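Architecture and fold: a report
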Amino acid sequence: MPREVDRPRRLHRTDWMALLTGLLFVVLGILVLTRSITDPLVLSGLLVVGLGFAGLVAVIARVVRGK
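About the criteria used
Residues numbered from 1 in each chain as written. Predicted model: local features only at pLDDT ≥ 70, side-chain atom pairs only at ≥ 80, totals over all residues. Heavy atoms only, no water. Helix = DSSP H or I, 4+ residues; strand = E, 2+ residues; numbered from the N terminus. Buried < 20%, exposed > 50% of the residue type's maximum accessible area, 1.4 Å probe, protein only. Areas by Shrake-Rupley, 256 points an atom, 1.4 Å probe, with all protein chains shown as cover. Axes fitted to C-alpha atoms, helices over the stretch in contact; angles between N-to-C directions. Parallel < 35°, antiparallel > 145°, perpendicular 65-115°, else oblique. Left-handed = near helix turned anticlockwise from the far one by under 90°. Contact = heavy atoms within 4.5 Å. Nonpolar A, V, L, I, M, F, W, Y, C, P; charged D, E, K, R; others polar. Patch = residues over 30% accessible without salt bridge, like charges linked within 9 Å, V, L, I, M, F, W, Y side chains within 5 Å. Salt bridge = Lys/Arg side-chain N within 4 Å of Asp/Glu carboxyl O.

1. Points about the overall build of the chain
Along the chain, the regular secondary structure elements total 2 helices and 0 strands. Expressed as a percentage of the 67 residues in the chain, the buried residues total 12%. For the chain, the exposed area adds up to about 6,200 Å²; of that, 67% sits on carbon and sulfur atoms.

And the structure:
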């Protein structure tokens, strides 16, 4: 059975909110496990600022994309 080579590849757009939020949680998890961050107030502040930054990048990417 021959394989179809004329079919174009379908690419999906990057979900910047999900990517940056995942990176944020990985980095915060590493910082907590290595005890670099011990204050819960600093941790929650970094979480809020990081999520805000991820949301801002996602909005800018959507505007640039034109959707």
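Now, onward.
2. A look at the packing of helix H1 (residues 16–33) against helix H2 (residues 40–65)
Viewed as axis vectors pointing N to C, H1 and H2 meet at an angle of 160 degrees, and their least axial separation amounts to 8 Å. Taken together, the axes of H1 and H2 lie roughly antiparallel to each other. Considering only the axes of H1 and H2, their crossing is right-handed. Judged by residue contacts, Trp 16, Met 17, Leu 20, Thr 21, Leu 24, Phe 25, Leu 28 and Val 32 of H1 engage Leu 43, Leu 46, Leu 47, Gly 50, Leu 51, Phe 53, Ala 54, Gly 55, Val 57, Ala 58, Ala 61 and Arg 65 from H2. In terms of residue class, the contact of H1 with H2 is built from 16 nonpolar, 3 polar and 1 charged.

3. Some thoughts on a nonpolar patch on the surface
Judged by side-chain polarity, Trp 16, Leu 19 and Leu 23 come together as a nonpolar surface patch covering roughly 270 Å² of accessible area. Structurally, Trp 16 can be placed in helix H1. Note on Trp 16: relative accessible area 34%, which makes it partly exposed.

All we've got here are geometric facts, nothing functional implied.
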